[in-house]
Amino acid sequence: MMPVSAFALLGQFQSFVSILQFVSGGIVTYGIVKYISEYEEKPEVLKKILKSGFQIALILSFLIGLLGLLLSYKISFALFHTKQYAFSIMLLSLTLFLYVVNKLVLSILNGLSEIKYYALLSGSGAVILAICVITLGYCYGIQGAFVGFSIAQIFTLMISVTLLVLKSGHLLPARTKLFEFVRSFDLVWIKRLALFSVMTIVSSIALPVSQIVIRLYVAKSSWVDVGYWQALIRISDGYLLIIGNLITLVALPLFSKRVSASVLRKNVYATLFKLVMLELVLIILVFLLRDWIVRVLFSEKYLLVTHLFFYQLLGDLFKVASFVLGTVLIAKTKVKIFVTLEIITSLMYIGFSMLCYYFKGIYGLPLAFMIVYIIQFIANLIVFRVYTNDKNITV
């Protein structure tokens, strides 16, 4: 089993991977899901959406990858206070294009409501990533685990391409002409996707950036504490992946449809109730089985983590509820209010985490997490009720 301090480094690298992969092309994925679900019956519009999305993503993946290569040593030192992991950052930069293709295929399947194939590709990617990181980490240590993030994209791309080649006639009707790229740019759709991307980029990088800052702060006292906290986050993220996929697959397309405010309220509250109930069941199971989960996923060296679950799981409950309400703002392209709330939440998370860690040590980090997401849930609920106050208007 990986030492606690090494696991902390893995968490730091994973947060950086999330940020780099997202800004390299992942920023258009939510926009593609939204607009494909809206214009699925309009093939000419659909064609423009797909082409514009691919053009944005491919250009960004090239630019961000180039920056990653040029600044790899500086990035390594900034993240880990050593330049020895620069090679892993270079390799990650070179494989960004593969990630972009995989992510775009997933977003298209989601927008077309091809749940079966979305689940197949998403699940396969997660399993391949876990196998690559664990296997290479076991054989070559933390450097091998870092390399595993890049190698996994190669195998996942094979599945993506195979799936599209075999099933393209069923998944993507010929009228969409997915791989027909045009030399000219559709500035109207590029602007619409770019505007939508502002929200998704803030949403997707705010938490990883916050976690990087918090880890660097805690690491001044102890990388071991960072490792325990990272183990807790990994468990939390693991079971929250179920809820997150449901929100992306069901809530985002549903909330994107133009309906009256009263219908939107009914849809949101119904979705909120179902997902919160599911989340409640999951956190009860995780809490009751926490000792067994930690022993199986990690080792007895990590048993201190079992004392951190209570506040973390309560925070997860409010995070899910807040995420459902926040998805409404994404679906309705409410850029200013969404970005403002996400930035405030991120700053609060950093501030409360530093404060709570100062007074309560490692036990203060999940407490800060819970406090922040309770506040965010209340804020999102107020915004949602104000937005749907006039039940007769179409939103």
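Quantities reported herein were computed from a predicted structural model and do not represent experimental measurements. (Residues numbered from 1 in each chain as written. Predicted model: local features only at pLDDT ≥ 70, side-chain atom pairs only at ≥ 80, totals over all residues. Heavy atoms only, no water.)

In this structure, His81 is a non-glycine residue whose phi angle is positive, near 60°. Tracing the sequence through the fold places His81 in the loop between helix 4 (72-80) and helix 5 (86-94). Residue His81 is classed as exposed on the basis of its relative accessible area of 52%. (Helix = DSSP H or I, 4+ residues; strand = E, 2+ residues; numbered from the N terminus. Buried < 20%, exposed > 50% of the residue type's maximum accessible area, 1.4 Å probe, protein only.)

All chains considered together, the criterion is met by 15 aromatic pairs. One aromatic cluster is present, built from ring pairs that chain together Phe13, Phe80, Tyr85, Phe146 and Phe149. The aromatic ring of Phe287 is capped on one face by Arg290, whose charged end is 4.0 Å from the ring centroid. (Phe/Tyr/Trp six-rings, centres within 6.5 Å; stacked < 30°, edge-to-face > 60°. Lys NZ or Arg CZ within 6 Å of the ring centre and 35° of its normal.)

Right, let's talk about the environment of Met158 for a bit. Following the sequence through the fold, Met158 ends up in helix 7 (residues 115-171). Taking relative accessible area as the criterion, Met158 reaches 47% and is therefore assigned partly exposed. Each C-alpha atom of the pair Met158 and Leu98 lies 9.8 Å from the other, and the pair is 60 residues apart in sequence.

It is worth spelling out the side chain of Gln376 at this point. Position of Gln376 relative to the elements: it lies in helix 14 (residues 364-387). For Gln376, the side chain forms a polar contact with the side chain of Glu342, separated by 3.4 Å. Within the structure, Gln376 has its side chain in polar contact with the side chain of Thr345 (distance 3.2 Å). In this structure, Gln376 is in contact with Ser322, Glu342 and Thr345, ignoring residues within four places of it in sequence. (Polar contact = N/O pair within 3.5 Å; in protein donor to acceptor, adjacent residues only side chain to side chain. Contact = heavy atoms within 4.5 Å.)

Before going further, it helps to examine a nonpolar patch on the surface. A surface patch of nonpolar side chains, amounting to about 1100 Å² of accessible area, comprises Phe273, Met277, Leu280, Val281, Ile284, Leu285, Leu288, Leu289, Trp292, Val296 and Leu297. Listing elements by their share of the nonpolar patch, those giving two or more residues are helix 10 (261-288) and helix 11 (290-297). The element contributing the most residues to the nonpolar patch is helix 10, with 7 residues. Tracing the backbone shows Trp292 in helix 11. A relative accessible area of 55% means that Trp292 is categorised as exposed. (Patch = residues over 30% accessible without salt bridge, like charges linked within 9 Å, V, L, I, M, F, W, Y side chains within 5 Å. Areas by Shrake-Rupley, 256 points an atom, 1.4 Å probe, with all protein chains shown as cover. Salt bridge = Lys/Arg side-chain N within 4 Å of Asp/Glu carboxyl O.)

Our next topic: the packing of helix 10 against helix 12 (residues 309-331). Close contact between helix 10 and helix 12 brings their axes to 10 Å; oriented N to C, the two are set at 160°. Taken together, the axes of helix 10 and helix 12 lie roughly antiparallel to each other. Once helix 10 is placed against helix 12, the crossing between them reads as right-handed. Residues Leu264, Val268, Thr271, Leu272, Leu275, Val276, Glu279, Leu280, Ile283, Val286 and Phe287 of helix 10 pack against Phe309, Phe310, Leu313, Asp316, Leu317, Val320, Ala321, Val324, Leu325 and Val328 of helix 12. (Axes fitted to C-alpha atoms, helices over the stretch in contact; angles between N-to-C directions. Parallel < 35°, antiparallel > 145°, perpendicular 65-115°, else oblique. Left-handed = near helix turned anticlockwise from the far one by under 90°.)

Relative to the assigned elements, Thr200 resides in helix 8 (residues 187-219). In sequence terms Thr200 and Val23 are 177 residues apart; their C-alpha atoms lie 9.7 Å from each other.

Averaged over every residue, the pLDDT of the protein chain is 83; the share at 70 or more is 89%. Helix 14 holds the highest mean pLDDT among the elements of the protein chain, 94, whereas helix 2 (residues 29-39) holds the lowest, 74. Every residue in residues 168-178 is under pLDDT 50, and counting partners more than four places away or in other chains gives 23 contacts. (pLDDT = per-residue confidence, 0-100.)

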